[in-house]
There are 2 protein chains.
Amino acid sequence: MTKEIRIEKKVLSENERLAAELRNKMVLNGVLSLNIVSSPGAGKTSLLEKTLRALKDEFRIAIIAGDVQTENDAKRLIEAGGKWVRPLVTGGSCHLDARMISRELKNLDLKKVDLLIIENVGNLVCPSSYDLGEYMKVVVISVPEGDDKPLKYPGMFKRSGLMIVNKTDLLGTSDFSMDVVKKNALSMNQDLDILEISCRTGEGIEAWYEWLRKHIKRTKKKSV
Amino acid sequence: MTKEIRIEKKVLSENERLAAELRNKMVLNGVLSLNIVSSPGAGKTSLLEKTLRALKDEFRIAIIAGDVQTENDAKRLIEAGGKWVRPLVTGGSCHLDARMISRELKNLDLKKVDLLIIENVGNLVCPSSYDLGEYMKVVVISVPEGDDKPLKYPGMFKRSGLMIVNKTDLLGTSDFSMDVVKKNALSMNQDLDILEISCRTGEGIEAWYEWLRKHIKRTKKKSV
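Residues numbered from 1 in each chain as written. Chains lettered and ligands numbered in written order. Predicted model: local features only at pLDDT ≥ 70, side-chain atom pairs only at ≥ 80, totals over all residues. Heavy atoms only, no water.

S.K.: Talk me through the packing of aromatic side chains; I want residue IDs and the actual numbers.
M.R.: Residues and elements named next belong to chain A. A full pass over the atoms with the stated rule returns 2 aromatic pairs over all chains. On the basis of an interplanar angle of 20° and a centroid distance of 5.9 Å, the ring pair of W208 and W211 is categorised as stacked. One end of the pair is W208 and the other is W211, both in helix α8 (residues 205-223) and 3 residues apart, which spans about a single turn. Residue class for W211 comes out buried when judged on its relative accessible area of 5%. (Phe/Tyr/Trp six-rings, centres within 6.5 Å; stacked < 30°, edge-to-face > 60°. Helix = DSSP H or I, 4+ residues; strand = E, 2+ residues; numbered from the N terminus. Buried < 20%, exposed > 50% of the residue type's maximum accessible area, 1.4 Å probe, protein only.)

Below is the structure:
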């Protein structure tokens, strides 16, 4: 097992090196890059569909849609108006890594992009260990999953900059408490931004668009 | 990366060997062993709480409660009347493996057990690759996760013997279709048993108890 750990460390440090390269490219080109992570079914794709429909004429948005299997998410995002959407099927791997992202980006002119969104594999554990060169990880959790998730999957919440709590239309159908989930998340990471939304009803989603506008603007300024 | 794959194969084959040993022990002692897998928050622990409350006087039940972090699940299961409940905190690892189970079982006299339930880490990807010596994997999915999950995480559904669809009290709050999830799951694995339950209302849960009774009885017969 020691050998396994040594090899894993080597793979991770190679990933860090490549991620740093990617991040540098993003900054130089003024691209805001986000790595969206969550459990399966928390609503990443629904969030991105809404986002494309609302902002596709305001910003130039590129999306890499990762999945263990199927290109269904990418298809949904193209239908929602995505102009540059790449399916990334891992074929079994539980996470995306910087090498996969680097390969996909070979066909993209970053000068023509304001926002790059990477939709990671639905998994609250493994993707937390792999830097994809993103500006920020955004963790999406949903009301039916329970308010204890930040305590049970601390790595993901420690390494994210924004937590989006989705499916607020299901508040009251379980013992999920918004106060408790916020307290739990902030106990892991006191700098976490938090947004409450319902992709189904649209409630709260305008704040997410505002969050994006602010960070896209900031990224442009840095790159000048 | 080739080296990483070789090492991974070695680790997996060592795991297979140990899992076979564990399975043999279970069969000889007439213990039905189940490996419960799901996304985070699908309701594994709620299901086990209900099961303990209903069957703790009928069967001798042992539970290993795996989690990346916190012993909260194990505490809930002890409160529900579990007499032999072991928390197994992986401290970061995204799955349980046969070595961890073997270590926990050192303190358990299998002759005094009818049913061993292993609650895996909430993750629909990695736990599918690790045989824990169980008789069967039971995959729990919940209505809010969406009916496409069997297509997106095929490994887990191919390797499970029973799919439990939980949170049926939330049917109608999204576009989840019970027919579609069944069709998708059976397209991956035509031999899958399927149960529909709501841990919240108790609807359908009696069929799960019956399923357990049948398989515990069968296991006893095999061991005679």
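S.K.: Got a sec to walk through unusual backbone geometry? Specific residues and values, please.
M.R.: Phi at A:T70 takes a positive value of approximately 75°, unusual for a residue other than glycine. In this fold, A:T70 is placed in the loop between β2 (61-67) and α3 (72-79).

S.K.: Give me the sheet that holds strand β5 (residues 136-142) of chain B: which residues, what numbers.
M.R.: Residue and element names in this part refer to chain B. Read from one edge to the other, the open sheet built from 7 strands follows the order β3-β2-β4-β1-β5-β6-β7, with strand pairing classed as parallel. Here the strands that pair on one side only, and so sit at the sheet edges, are β3 (84-89) and β7 (193-196). For this sheet, the mean angle separating the axes of adjacent strands, direction not counted, is 20°. Of the pairings in the sheet, the one linking strand β6 (residues 160-166) to β7 comprises 4 bridges and is parallel in character. Note on β7: the bridge partner recorded for V165 is E196. (Pairing = 2+ DSSP bridges. Axes fitted to C-alpha atoms, helices over the stretch in contact; angles between N-to-C directions.)

S.K.: Break down the packing of helix α2 (residues 44-55) of chain A against α3(A) for me, citing the residues and quoting the values.
M.R.: All names here are of chain A. Two numbers describe how α2 lies on α3: the axes approach to 9 Å, and their chain directions differ by 20°. Considering their axes alone, α2 and α3 lie roughly parallel with respect to each other. In this structure, α2 crosses over α3, and the sense of that crossing is right-handed. Residues T45, S46, L48, E49, L52 and R53 of α2 touch α3, and the partners they reach there are D73, R76, L77 and E79. In terms of residue class, the contact of α2 with α3 is built from 3 nonpolar, 2 polar and 5 charged. (Parallel < 35°, antiparallel > 145°, perpendicular 65-115°, else oblique. Left-handed = near helix turned anticlockwise from the far one by under 90°. Contact = heavy atoms within 4.5 Å. Nonpolar A, V, L, I, M, F, W, Y, C, P; charged D, E, K, R; others polar.)

S.K.: Describe a positive patch on the surface, with residues and values.
M.R.: The grouping of A:K25, A:R99, A:R103 and A:K106 at the surface amounts to a positive patch. Inspection of the secondary structure assignment puts A:K25 in helix α1 (residues 2-28). (Patch = residues over 30% accessible without salt bridge, like charges linked within 9 Å, V, L, I, M, F, W, Y side chains within 5 Å. Areas by Shrake-Rupley, 256 points an atom, 1.4 Å probe, with all protein chains shown as cover. Salt bridge = Lys/Arg side-chain N within 4 Å of Asp/Glu carboxyl O. Lys, Arg positive; Asp, Glu negative; His and termini not counted. Charge placed at Lys NZ, Arg CZ, Asp CG, Glu CD.)

S.K.: So what's going on with the confidence of the model for chain A? Residues and values would help.
M.R.: Within chain A, residue pLDDT values average 95, and 97% of them lie at 70 or more. Overall fold confidence (pTM) sits at 0.92, and the ipTM for the predicted complex is 0.89. (pLDDT = per-residue confidence, 0-100.)

S.K.: So what's going on with the relation of the copies chain B and chain A? Which residues, and what values?
M.R.: Two copies of the chain are present, and they differ by a rotation about an axis and a shift along that axis. Rotating chain B by 180° about the axis while translating it 0.0 Å along that axis superimposes it on chain A, leaving an RMSD of 0.0 Å. Between the two chains, the operation in question is that of a two-fold axis. Taken as a fraction of all interface residues of chain B, those also at the interface in chain A reach 98%, which identifies the copy contact as same-surface. (Least-squares fit on C-alpha atoms with pLDDT ≥ 70 in both.)

S.K.: Describe in detail the sheet that holds strand β4 (residues 115-119) of chain A, supporting the description with residues and values.
M.R.: All names here are of chain A. Read from one edge of the open sheet, 7 strands run β3-β2-β4-β1-β5-β6-β7, paired in parallel fashion. Where the open sheet ends on each side, the last strands, each with one partner, are β3 (84-89) and β7 (193-196). For this sheet, the mean inter-axis angle between neighbouring strands, taken without regard to orientation, is 20°.

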